[in-house]
Amino acid sequence: MQLADETGSTDNSGYTAQLLSLGRKAGLDHVGVASAEVLHRARQAINQRKEQGLHNQMQFTYRNPERSTDPTKTLPSARSVIVGAYSYSSSQAPEKINELSARIARYVWSDFYAQLRQSLGQIARQLELDGHRAVVLADDNAMVDREVAYQAGLGWFGKNSNLLISGAGSYFVLGCVITSAELAVAAQPVEEGCASCRRCLDNCPTNAIVAPGVIDANKCLAWLLQKPGVFDRNYRVALGDRIYGCDDCQEVCPPTIRFEKKSNISTVAMSVKQPKAWVSVAKILTSDDGALIKEFGAWYIANRDPKWLRRNALIILGNIGDANDVLVVDLLKQYLHHADPVLRAHAVWAAARLGLHQLINRDDDDQLVQAELQSLPSVK
Ligand code: B12
Ligand code: SF4
Ligand code: SF4
């Protein structure tokens, strides 16, 4: 591959095209280029949402917007950003393991981020071979992935706030290579394509999409599942059987569904690993810390503490468990006597939801458990 500036030419479109082609050969489904300028709209949106409390203690890109919206904070010599999208669309939805199965969101059915990083890494290596600096970021707190993907002309911001790619929907994970190379940037951003549709707003189980493109994290199940502490009682029933992530605002999205139906990309993406779409609730509640981190360590789990997985599993147990099932009763008994008060409190909720009030110890004097007991209509 040729250095862009070897010839002294300022037209770097040939070199850019070679890099984009390399990205596609390396497995990226879509790839584009943005300039390394500050992402002002995203910075403003983050600051506004923090002021309005819509971020609900999320850190990620919100912790340091000066950094996450400025590629030169990661690489001072940055001139361009190559953005890649890796599809996790699948036409095959794997079967439940058993009646007591917890649902895993599609973007983590396999480690798609690992595949994405590997593909971006090949572009970065080529850039370095050609004498440029290059840093790969994928789902990293140092970059707002959707905004830079939009600037690179990959897609438009859907009302569900995901980046939708024309003709392909939103089942993509996004990442980028920040580079010192001066590349030819996307000519035009992609035109908005939602038109009058508002299915995502109307079908969000918690009404978390408070305006087109704006998520209130206080209500979004995807965040509440990751957030440490007591799970907001208002959204426990709506959680249903979800253990990690929520796909509802994408599963109703016409461009995303259309692509999924006609796509055979599943065979490509799923060949990475066996898709893991379900996990046994009993397994989460009976495995030790080491086993849980080994199996689910690629997920974002606050402080890498598997108790948050157990907390979520207890809510699911309350939502889908059968009060006549011996296994369900045994699991509840175990957690109603657990050493950790957070888990005892969620077990109280689950037992009450299943009508198993007789299992609950009303004399537990821990504050969290007491608060839970007070919130039960029958013991007020
Ligand atoms: C924080 C975060 C979350 C939070 C908050 C999401 C949010 N919408 O802010 C939570 C935990 C809830 C979450 C959930 C999910 N996430 Co997330 N998340 C992130 C993270 C780490 C940062 C996002 C961020 O910076 N937001 C800042 C806000 C300000 O950005 P924004 O909401 O997109 O706002 C823009 C729009 O409002 C737009 N805009 C401005 N004006 C207008 C006007 C209109 C009309 C419209 C439509 C838009 C618009 O401009 C704003 C600024 O760019 C990124 C990874 C990364 N490093 O970027 C992944 C990321 C955004 N998440 C991703 C995924 C896959 C998900 C889930 C689908 C996972 C799941 N199945 O549960 C859900 C989707 C929920 C949803 N509808 O957004 C992907 C998105 C891929 C894609 N195709 O868009 C990313 C990019 C991760 C990755 N690298 O692939 N996520
Ligand atoms: S991820 Fe789920 S809870 Fe969050 S906005 Fe989408 S549908 Fe609503
Ligand atoms: S469901 Fe409709 S409004 Fe929502 S993102 Fe998809 S096309 Fe846009």
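Residues numbered from 1 in each chain as written. Chains lettered and ligands numbered in written order. Predicted model: local features only at pLDDT ≥ 70, side-chain atom pairs only at ≥ 80, totals over all residues. Heavy atoms only, no water.

Draft legend 1. How the structure looks around the overall build of the chain. Scanning the chain for helices and strands turns up 18 helices and 11 strands. Taken along its principal axes, the extent of the C-alpha atoms in the chain is 80 × 45 × 45 Å. The buried share among the 380 residues of the chain stands at 53%. Across the chain, contacts joining residues at least 24 apart in sequence account for 73% of those joining residues at least 6 apart. Of the roughly 17300 Å² of accessible surface on the chain, a fraction of 47% belongs to carbon and sulfur atoms. With 41 positive and 41 negative side-chain charges, the chain shows a spacing of 2 Å between the two charge centroids. (Helix = DSSP H or I, 4+ residues; strand = E, 2+ residues; numbered from the N terminus. Buried < 20%, exposed > 50% of the residue type's maximum accessible area, 1.4 Å probe, protein only. Contact = heavy atoms within 4.5 Å. Areas by Shrake-Rupley, 256 points an atom, 1.4 Å probe, with all protein chains shown as cover. Lys, Arg positive; Asp, Glu negative; His and termini not counted. Charge placed at Lys NZ, Arg CZ, Asp CG, Glu CD.)

Draft legend 2. Here's a closer look at the packing of helix α15 (residues 307-320) against helix α17 (residues 341-353). Two elements in contact, α15 and α17, have axes whose closest approach is 7 Å; the angle formed by their N-to-C orientations is 10 degrees. Viewed along their axes, α15 and α17 adopt a mutual orientation that is roughly parallel. Where α15 abuts α17, its residues Lys307, Trp308, Arg310, Arg311, Leu314, Ile315, Gly318 and Asn319 lie against Val342, Leu343, His346, Ala347, Trp349, Ala350 and Arg353. (Axes fitted to C-alpha atoms, helices over the stretch in contact; angles between N-to-C directions. Parallel < 35°, antiparallel > 145°, perpendicular 65-115°, else oblique.)

Draft legend 3. Quick peek at the site of ligand 1. Residues in contact with ligand 1 amount to 40 residues; listed here are only the nearest, Arg49, Thr61, Glu147, Asn160 and Leu163. For ligand 1, an oxygen atom lies 2.6 Å from a polar atom in the side chain of Thr61. Separating an oxygen atom of ligand 1 from a backbone N or O atom of Leu163 is a distance of 2.8 Å. Among the elements of the structure, α2 (40-52), α6 (145-151), β7 (172-179), α8 (221-224) and α10 (248-251) are those that each provide at least two residues to the shell around ligand 1. When residues of the shell around ligand 1 are assigned to their parent elements, the largest contribution, 5 residues, is made by α2. Here the residues of the shell around ligand 1 are counted per class, giving 23 nonpolar, 9 polar and 8 charged. (Near = heavy atom within 4 Å. Polar contact = N/O pair within 3.5 Å; in protein donor to acceptor, adjacent residues only side chain to side chain. Nonpolar A, V, L, I, M, F, W, Y, C, P; charged D, E, K, R; others polar.)

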